[in-house]
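Survey of secondary and tertiary structure
Chain by chain, the residues:
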Amino acid sequence: MSAELEGEELFLDRFPKEARIVRASLWSAFIALGIGGLGGLIQALHRTNYLRFIESADYYTVLTLHGVLLAISFTIFFLVGLFTWAVTRSLDRPVEDIRFTWAWYLTMVAGTALAGIAILGGFVDSIPISADVLFTFYAPLQAHPMFYAGLAVFIIGTWMAGLDWFRSWWNWRAENPNERIPLQTFMVLMTMLMWYISTIGVAISVLVFLLPWSLGLIEQVNPLLTRTLFWYFGHPVVYFWLMPAYLLWYTVMPSISGGRLFSDPLARVVFVLFLLLSTPVGIHHQYLDPGIAEGFKFIAMTNTMFLLLPSLLTAFTVVASMEHGARQNGGEGYLSWLGALPWRDPAFTGMALAGLMFAAGGFSGMVNAGMNINYLIHNSLWVPGHFHLTVGTAVALTFMAGTYWILPQLTRRRVYSRTIALFQVILWFIGMTLMSNAMHRAGLIGMPRRTAEPQYDGFAFDAGFSTVAELDFQIAIGGTLLFISLVLFLGNVIVSLFEGPMETSVDASLSDPLSGPEDSPKVLDNLWLWTAIAVVLVVLAYSLPIAAIVSDGGLFGPGTGTYPAWLLGVIP
Amino acid sequence: MSKKISRVGLLVILAFLTPLIVELRTVAGFMGISLSPAAYVGLAAALVVVVLLAVALWNLHVEGALLNRTEGA
């Protein structure tokens, strides 16, 4: 990899136009992070009854804002920025047409603005616009058409971004016909192939059902069908958030550890497995949906358990790379080498702690994925406890830590305070430990998620060895620490921009893997083959369940014709 | 010879101990051991001290072994 960007030249100097779009994407992500994070604090304090300054009816508007801005806008804006950086630097060529690059960025901004306005309209009673449909936005909850239109526009923007990166690769390949795809570009392309396959579900759901329904063009929809189409997209989107974090863990973390990636071939295998297995698993989110046969759910569970394989391969490869770095730094012994890792570096410590949290999230994810034990925690606070470990820490903390590493390369500004940065990543880890632990425990005693009023009159949860008040306290404290950490992150990054330009250079080079691409079979780079297999797996997993759902409940719901309602006014 | 644990080291150790301490209460609770929050905080503090001592003693042990090896050579 180092050969791709030799020397100490900053990305900003080599690719100034691309650096601008990367910066714009990251800033968009951070704006979404700030607003969405504030929504998280409001929820944590409201639910636990520590501080209530919104009506409980508005809680769902805040919840939607929190979910959409963090799970869609923050993650994906960061992804497009990081992927643009990764493709440009690993292919060592500028984007093909910077106008097209700005076009997809502005399309995504427009989509976010439309969806955001629709959500914020929910706070103002005099405006007939609202979208209190939560991040999952399937029927029977209905949003204003502007919300669905915004989502559609945003996703079209991501498709255009993917096309931009594919164009770079196609042109690079024409000039380098016998070269292996550089690892970072390979990761980007595999992720985007997975994204194209998985967003078909949400595109159909929005454009064919939810948007026409919201506009009044069709009378009703089949709620189970829209749920199934959402979850067809809703699980792979988890990997869409995770893949940029993986890219940083595989290609950046070994270098800042002082070592080299253990195995390039293993990294390629992991991304191939994610392309194959991410999508045919979504039904595991629907174990309690009555309209899907148990056999289909069992298939989804089996596929989901296979997903543990790439996660475990990643744990092995990343830790092996870290150990290699530690031993280069003089680390010895079975465990003493851990002390030789660069814990003073906030980029490293943040990513390492994020990886640790991801392991914990993987364990609670296995509970979610098991058909029988899922019944114990389904729709309980356990589930947000789980995904705050995965997307809320493995992804978000890696992105924040990655920002400390990449920011100087994009701005020629040092991070204002590395001490604050180190404190910030550790504070996030501690805050999430407290909040997520309490959420998991509350879920185990049956406390529901997605509600402003988790306590019901005349009923008390049996909290076992502690009390509900103690769990609430832990959630409130954890949420507050997370918000303080978030403010420190944003403040540190913003103040960094006002620092004078660096006079000395930064080391932006990435080390070569111990086992390089020459050690991996060429078939791993055959994108057509893996895409074809992924499509076949999706067809096998989804064709019969969707046929059964449509057969049982009708394409547009039971008892209605399969034609748009407005046709009634046209046809005599 | 002496090797101090830096402030950064303390911070990192605290980070790694936090989930262990939090989960300790969960595990103890499921085993039927119920502690008051005050007793729990005391136990957590004791655990932190034990871990720090263990790290310090381990460092002494490693450095002692290295010293012996150097002198032996």
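Scoring rules and cut-offs
- Residues numbered from 1 in each chain as written.
- Chains lettered and ligands numbered in written order.
- Predicted model: local features only at pLDDT ≥ 70, side-chain atom pairs only at ≥ 80, totals over all residues.
- Helix = DSSP H or I, 4+ residues; strand = E, 2+ residues; numbered from the N terminus.
- Rg over C-alpha atoms; globule rule 2.2 N^0.38 Å.
- Buried ≥ 20, exposed ≤ 12 C-beta atoms within 10 Å, placed from the backbone.
- Contact = placed C-beta atoms within 7 Å.
- Core = buried A, V, L, I, M, F, W, Y, C linked by C-beta atoms within 7 Å.
- Expected span 1.5 Å × (residues − 1).
- Bend = angle between axes of the 7 residues up to and from the residue.
- Nonpolar A, V, L, I, M, F, W, Y, C, P; charged D, E, K, R; others polar.
- Axes fitted to C-alpha atoms, helices over the stretch in contact; angles between N-to-C directions.
- Parallel < 35°, antiparallel > 145°, perpendicular 65-115°, else oblique.
- pLDDT = per-residue confidence, 0-100.

Re the overall build of chain A
- Tallying secondary structure elements over chain A gives 19 helices and zero strands in all.
- Over its C-alpha atoms chain A spans a radius of gyration of 24 Å, differing by no more than 12% from the 25 Å that the globule rule assigns to 572 residues.
- With the C-alpha coordinates aligned to their principal axes, the bounding extent of chain A is approximately 70 × 55 × 45 Å.
- In chain A, which comprises 572 residues, the proportion classed as buried is 55%.
- A fraction of 84% describes how many contacts in chain A between residues 6 or more apart in sequence connect residues 24 or more apart.

Considering the nonpolar core
Residue and element names in this part refer to chain A.
- In terms of nonpolar packing, the biggest core is built from 190 residues, with Leu275 and Val425 touching the most fellow members.
- Residue contributions to this core peak at 21 residues, all from helix 3 (residues 59-91).
- Not counting residues up to four positions away in its chain, the partners in contact with leucine 275 are Met190, Leu193, Met194, Trp530 and Ala534.

Digging into helix 8 (residues 236-251) of chain A
All names here are of chain A.
- The terminal C-alpha atoms of helix 8, which comprises 16 residues, lie 22 Å apart, in line with the 22 Å expected from a rise of 1.5 Å per residue.
- At leucine 242, helix 8 is deflected by roughly 30°, the largest bend along its length, and proline proline 244 occurs up to four residues later in sequence.
- Burial analysis of helix 8 places 16 of its 16 residues in the buried class, which makes it a mostly covered element.

Thoughts on the environment of valine 269 of chain A
All names here are of chain A.
- Mapped onto the fold, valine 269 is located in helix 10 (residues 264-277).
- A residue is classified by how many C-beta atoms lie within 10 Å of it, and valine 269, with 18 of them, is partly exposed.
- Separated by 31 residues in sequence, valine 269 and alanine 300 have C-alpha atoms that sit 21 Å apart.

A word on the environment of phenylalanine 465 of chain A
- Note that phenylalanine 465 of chain A resides in the loop between helix 16 (418-444) and helix 17 (468-497).
- Every residue in contact with phenylalanine 465 of chain A, bar those within four places of it in the chain, is listed here: Gly29 and Ser34 of chain B.

Some points on the interface of chain B and chain A
- Residue-level contacts link 13 residues of chain B with 16 residues of chain A.
- Taken together, the residues of the side of chain B that touches chain A sort by class into seven nonpolar, five polar and one charged.

Notes on helix 18 (residues 527-553) of chain A
Residues and elements named next belong to chain A.
- An ideal rise of 1.5 Å per residue puts 39 Å on 27 residues; helix 18 measures up with 37 Å between its terminal C-alpha atoms.
- At tyrosine 542, helix 18 shows its maximal bend, which comes to roughly 35°, and the proline proline 545 appears one to four places after that position.
- What helix 18 keeps buried is the set Trp530, Ala534, Val538, Ala541, Tyr542, Pro545 and Ile549.
- Tucked inside the fold, the buried residues of helix 18 contact helix 6 (183-215), helix 7 (223-234), helix 10 and helix 11 (294-306).
- Backbone geometry just after helix 18 places glycine 554 at a positive phi near 80°.

Describing the packing of helix 3 of chain A against helix 5 (residues 145-175) of chain A
All names here are of chain A.
- Their axes nearest at 11 Å, the elements helix 3 and helix 5 cross at an angle of 5°. Considering the angle they form, helix 3 stands roughly parallel to helix 5. Contacts from Ile76, Val80, Phe83, Val87 and Leu91 of helix 3 reach helix 5 at Thr158, Ala161, Trp165, Ser168, Trp169 and Trp172.
- Here the residues of the contact of helix 3 with helix 5 are counted per class, giving nine nonpolar, two polar and no charged.

A closer look at the environment of serine 336 of chain A
- Residue placement: serine 336 of chain A occurs in the loop between helix 12 (308-328) and helix 13 (346-369).
- Taking the C-beta count within 10 Å as the criterion, serine 336 of chain A has 13 such neighbours and is therefore assigned partly exposed.

So, the confidence of the model for chain B
- Per-residue pLDDT for chain B averages 76, and the proportion of residues at 70 or more is 81%.
- ipTM for the predicted complex: 0.71, alongside a pTM of 0.92.

Notes on unusual backbone geometry
All names here are of chain A.
- Across the junction of alanine 139 and proline 140, the peptide omega takes the value 15°, indicating a cis bond.
- Within the secondary structure, proline 140 sits in the loop between helix 4 (98-120) and helix 5.
- A positive phi angle, close to 70°, is found at asparagine 49, a residue other than glycine.
- C-beta crowding within 10 Å serves as the criterion here: with 14 such atoms nearby, asparagine 49 is assigned to the partly exposed category.

Quick word on the confidence of the model for chain A
Residues and elements named next belong to chain A.
- A residue-level look at chain A finds 97% of positions with pLDDT of 70 or above and a mean pLDDT of 93.
- Element-level pLDDT for chain A is lowest in helix 19 (residues 567-570), with a mean of 71, against a maximum mean of 98 in helix 4.
- In this model residues 1-6 is a low-confidence stretch, pLDDT under 50, and it forms 18 contacts with partners more than four residues away in sequence or in other chains.

Things to note about the packing of helix 3 of chain A against helix 4 of chain A
All names here are of chain A.
- Where helix 3 meets helix 4, the closest approach of the two axes is 10 Å, and the angle between their N-to-C directions is 170°. One finds that helix 3 runs roughly antiparallel with respect to helix 4. Contact residues: helix 3 offers Thr61, Thr64, Leu65, Val68, Ser73 and Phe77, while helix 4 offers Met108, Thr112, Ala115 and Ile119.
- Of the residues belonging to the contact of helix 3 with helix 4, the class tally is six nonpolar, four polar and no charged.

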